[in-house]
Amino acid sequence: MKITYTDVLVVGGGLAGLRAATGVKQRGQDCILLTLVPPKRSHSAAAQGGMQASLGNAIKGEGDNEDVHFEDTIKGSDWGADQKVARLFVNTAPKAIRQLSNWGVPWTRIREGDHQVVINAQKVIITEKTDAHGLIHARDFGGTKKWRTCYTSDGTGHSMLFAMDNKAHEDGIEVRERMEAMAIIHENGRCYGAVARNLMTGELVAYIAKSTIIATGGFGRIYKVSTNAVICQGMGQAMALETGVATLGNMEAIQFHPTAIVPVGILTTEGCRGDGGLLTDVDGYRFMPDYEPEKKELASRDVVSRRMVEHMRKGKGVKSRYGDHLWLDITILGRDHIEKNLREVKEICESFLGIDPAEEPIPVRPTQHYSMGGIRTDFRGESQTMKGLFSCGEAACWDMHGFNRLGGNSVAETVVSGMLVAEYVADYCESEESNIDIHTSLVKEFMDKEQDKLDFLLKDKADAEDAYVLRARMEDIMMDKVGIFRNGEDLQDAVDELEQLLIRSRNIVVKSKTLSASPELFNAYRTQRMLKLALCTAKGALDRKESRGAHSREDFPERNDAEYLKRTITTWPDDNQTIPTVTYEDIDISDMELPPGFRGYGKDMTIHHPESEKRQAQVDKIREDLEAEGKDRFEIQEALMPFREMLPERYQDKNERLYEKFEGEES
């Protein structure tokens, strides 16, 4: 039995995991990072468009600040987000982006003077200020009032990931590649680390740690077509779920990105529309202004995806052997702009479609893209029900995005949550509370259990099942019945059939009888776990009888704050269960800075909570009184919803901008 000890175990080598690892290492904690693939191959590299941070450098971002970013985020979440967590995020994002610049991210910079841009299908001239020359630039993205999304052409995630991985090497982070965490070691509500499997040799190793951080990304591959990398199968969430103690939050909140190419589902960045690209139909007609006359193509992602499907249902889609699609037309941007700022998009179109997007429109339709749900944590990133278990990035639900996230907020969240959670974890490790007393017999128990599961998959049995067949059917069910538009009948069918698939998965047999370097074995145990996550998603969607953000019920089209202003909490307390246990966690209106209201898309379809109007009146009165006293926006915000003391001390300073300076504060 091989056991390795460390202070902090990080599971996942993407941006969130790397940033958390560097943070705890810089605080003096030993750290080991486990990753399926070399970190530079993590899915974080696929983030094209940019990272939101309210720098306010660009002329179209002038006047931006944390308050504007906060309001955009909460409205984008359809009031499903934790508003204090959103405040932590918007305050820290400018610090994160400047830190990344120091670590080598080559952010696109502002050039002073006149520049031609495309806004609402019109070529216009904007003039960047001289004193902004050389500062970090930003582009427009959906659901935002200001140009806030900082970028490096359309390879933002790639640039960030390479810089972050280099920083991890510089700091001496111990990275163990091709290692997969299989189970969380825990007892009496306390996490002690994880059992991991060497994907090359098949050997199991136990990692014992004061704290464990899950940063394994999303679980989009439960769907047939997804923009997610093939490794985004939700194993971090599944490990937490299978403890029977840790909880998952908002698993039904699945975002579909409007512009994935047909048929393969590879993403074309929101930067295409942010830079001025248009959505057109079979007739070449630009249809989004008919649905959303104010924001048009730059409405929030959930809104644009639904409008596209609605338009195709009216017979306005382009017929193809892969189904209907629409067109994303970026030709108006011109070849120079595309080859400079949308290079990856051009290469993807050339490689997978055989077209030049500077000359031809791109075939697109909405495709599964992001998981708002994940391991339910508090604002510090710690599981609400298991001590010592932390999570950050897309693997977590801490809950910044609620039921829909804004583009650019996810890649920002990876580094922001990583840097914040690192501080909270380091504080925890420095306290007596983190001291562990674990017997090797407990470690052996967990290792033996995982070995027995693997051996059972290799054992021949009657009524043997093929994991590939089960997984393919699961992917079809999720795509067809738990998609952009949902209804009770389809969701019930999905839950019923997924339950039967899960039962059948207990008889999976792997034909290749080896534990080492076996893709078939790898797929077998992952399929079993993916079925559980699919059930959590489908059951949560079935039970939530309302429409909120990306969760859209055709049979319950209203957002029902009176009954469903709450987070969905999913657990699997008994291994023999075939359906997850679903409960709810209320979202308290009484301390909201921004009480629930109308998002501003379509017509108001809200069943209002009885406390919303009362809280709004309180907010208005506090704001009016303090403005009369001459208080600044920071004092007013703290009176409405205090959050600053929740931040680690090193991140409490205000963020300076060209137009906003603070004496004694760091810029």
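It should be noted that the structure appears before, not after, this text.
Residues numbered from 1 in each chain as written. Predicted model: local features only at pLDDT ≥ 70, side-chain atom pairs only at ≥ 80, totals over all residues. Heavy atoms only, no water.

Trainee: Give me the overall build of the chain: which residues, what numbers.
Mentor: Tallying secondary structure elements over the chain gives 18 helices and 24 strands in all. Taken over C-alpha atoms, the radius of gyration comes to 24 Å for the chain, in line with the 26 Å a tight globule of 667 residues would show. Its C-alpha atoms put the chain at 70 × 60 × 50 Å along the principal axes. Counting over 667 residues, the chain shows a buried share of 62%. Put simply, 73% of the contacts in the chain that link residues at least 6 apart link residues at least 24 apart. Just so you have it, the chain exposes about 24400 Å², and 47% of that area is on carbon and sulfur atoms. Put simply, the chain has 86 plus and 109 minus side-chain charges, and the middle of one group is 3 Å from the middle of the other. (Helix = DSSP H or I, 4+ residues; strand = E, 2+ residues; numbered from the N terminus. Rg over C-alpha atoms; globule rule 2.2 N^0.38 Å. Buried < 20%, exposed > 50% of the residue type's maximum accessible area, 1.4 Å probe, protein only. Contact = heavy atoms within 4.5 Å. Areas by Shrake-Rupley, 256 points an atom, 1.4 Å probe, with all protein chains shown as cover. Lys, Arg positive; Asp, Glu negative; His and termini not counted. Charge placed at Lys NZ, Arg CZ, Asp CG, Glu CD.)

Trainee: Which residues make up the pairing of strand E1 (residues 3–11), and what are the values?
Mentor: Where burial is concerned, most of E1 is hidden: seven out of the nine residues are buried. Bridge count for E1 against strand E10 (residues 204–214) is eight bridges, and the pairing is parallel. Its bridge partner lying in E10, Val 11 is registered against Ile 214. When E1 meets strand E2 (residues 31–35), the two strands line up parallel, connected through four bridges. Each residue of the ladder has a partner; that of Val 11, found in E2, is Leu 34. As for the winding sense of the linkage, the β-α-β connection from E1 through helix H1 (residues 15–26) to E2 is right-handed. (Pairing = 2+ DSSP bridges. Right-handed = clockwise from strand over helix to strand, strands pointing away.)

Trainee: Residue-level account of the sheet that holds strand E12 (residues 254–261), with values.
Mentor: As summarised here, the arrangement of the four strands in space is E12-E15-E14-E13, forming an open sheet in which the pairing is antiparallel. In the strand order of this sheet, the two ends are held by E12 and strand E13 (278–280), each with one partner. This sheet shows a mean twist of 45° between the axes of neighbouring strands, independent of strand direction. Here strand E14 (residues 326–329) pairs with strand E15 (residues 362–371) via three bridges, running antiparallel. What sits directly across from Trp 327, in E15, is Pro 363. Here helix H8 (residues 301–316) sits on the sheet in contact with E12, E13, E14 and E15, set at roughly 60° to E12. (Axes fitted to C-alpha atoms, helices over the stretch in contact; angles between N-to-C directions.)

Trainee: Which residues make up helix H5 (residues 235–242), and what values go with them?
Mentor: Across the eight residues of H5, eight count as buried, placing the element largely inside the fold. Buried residues of H5: Met 235, Gly 236, Gln 237, Ala 238, Met 239, Ala 240, Leu 241 and Glu 242, and no others. Following H5 by one or two positions, Gly 244 has its phi on the positive side, about 75°.

Trainee: Got a sec to walk through the environment of Trp 327? Specific residues and values, please.
Mentor: Of note, Trp 327 is situated in strand E14. Every residue in contact with Trp 327, bar those within four places of it in the chain, is listed here: Leu 278, Leu 279, Thr 280, Asp 281, Val 318, Pro 361, Ile 362, Pro 363 and Val 364.

Trainee: How would you summarise the packing of aromatic side chains if you had to cite specific residues and measurements?
Mentor: Applying the stated rule across the entire model yields seven aromatic pairs. Look at Phe 634 and Phe 662: their rings are 5.3 Å apart centre to centre, the planes differ by 75°, and that puts the pair in the edge-to-face class. With a gap of 28 residues between them, Phe 634 in helix H18 (residues 633–640) and Phe 662 in the segment after H18 connect regions that are remote in the sequence. (Phe/Tyr/Trp six-rings, centres within 6.5 Å; stacked < 30°, edge-to-face > 60°.)

Trainee: Describe the packing of helix H13 (residues 467–481) against helix H14 (residues 488–505), with residues and values.
Mentor: Their axes nearest at 10 Å, the elements H13 and H14 cross at an angle of 170°. As the angle between them shows, H13 and H14 are arranged roughly antiparallel. Crossing handedness for the pair H13 and H14: left-handed. Taking contact as the criterion, the partners of Leu 470, Arg 473, Met 474, Ile 477, Met 478 and Lys 481 in H13 are, on H14, Asp 490, Leu 491, Asp 493, Ala 494, Glu 497, Leu 498, Leu 501, Arg 504 and Ser 505. (Parallel < 35°, antiparallel > 145°, perpendicular 65-115°, else oblique. Left-handed = near helix turned anticlockwise from the far one by under 90°.)

Trainee: Describe unusual backbone geometry, and please don't skip the residues or the numbers.
Mentor: Leave glycine aside and you will find that most residues have negative phi; peptide bonds, for their part, are mostly trans. For the bond from Val 262 to Pro 263, the omega torsion is 10°, close enough to zero to count as cis. Mapped onto the fold, Pro 263 is located in the loop between E12 and helix H6 (271–274). In the segment running from Trp 398 into Asp 399, the intervening peptide bond is cis, with an omega of 5°. Along the polypeptide, Asp 399 turns up in the loop between strand E18 (396–397) and helix H11 (409–429). Positive phi, normally seen in glycine, also occurs at Arg 178, with a value near 55°. By the secondary structure assignment, Arg 178 is in the loop between strand E7 (174–177) and strand E8 (179–187). Not every positive phi belongs to a glycine, and Ala 517 is a case in point at roughly 45°.

Trainee: Can you lay out the sheet that holds strand E16 (residues 374–376) for me, pointing to particular residues and giving the numbers?
Mentor: The five strands are arranged E18-E16-E11-E22-E23 in an open sheet whose pairing can be described as mixed. For this open sheet the edge positions go to E18 and strand E23 (581–586), each flanked by a neighbour on one side alone. Relative to strand E22 (residues 566–571), strand E11 (residues 248–249) runs antiparallel, the two sharing two bridges. Residue pairing in the sheet places Leu 248 in a bridge with Thr 570 of E22. Against the sheet, H5 touches E11, E16 and E22, its axis set at about 40° to E16. Across the sheet, helix H15 (residues 519–543) touches E11, E22 and E23, and the angle it forms with E23 is around 60°.

Trainee: Report on the pattern of salt bridges, specifying residues and quantitative values.
Mentor: The final tally for this structure, using the stated rule, is 70 salt bridges. In this structure, the salt-bridge partner of Glu 174 is Arg 176, at a minimum N-O distance of 2.3 Å. Judged by relative accessible area, which is 25%, Arg 176 ranks as partly exposed. The shortest N-O distance in the salt bridge between Glu 297 and Arg 286 comes to 2.8 Å. One end of the pair, Glu 297, is in the loop between helix H7 (288–291) and H8; the other, Arg 286, is in the loop between E13 and H7, with eleven residues separating them in the sequence. Of the two residues, Glu 297 and Arg 286, both sit in the buried class. Through salt bridges with shared partners, a single ionic network connects Asp 78, Glu 252, Asp 302, Arg 306, Arg 544, Glu 546, Arg 548, Arg 559, Asp 561 and Arg 599. (Salt bridge = Lys/Arg side-chain N within 4 Å of Asp/Glu carboxyl O.)

Trainee: An account of the packing of helix H17 (residues 612–628) against H18 is needed here, citing residue identities and associated values.
Mentor: It is at 10 Å that the axes of H17 and H18 come closest, and there the two elements cross at 150°. Considering the relative orientation of H17 and H18, their crossing is right-handed. Of the residues in H18, those in contact with Arg 615, Val 619, Ile 622, Arg 623, Leu 626 and Glu 627 of H17 are Glu 635, Ile 636, Ala 639 and Leu 640. Per-class residue counts for the contact of H17 with H18 are six nonpolar, no polar and four charged. (Nonpolar A, V, L, I, M, F, W, Y, C, P; charged D, E, K, R; others polar.)

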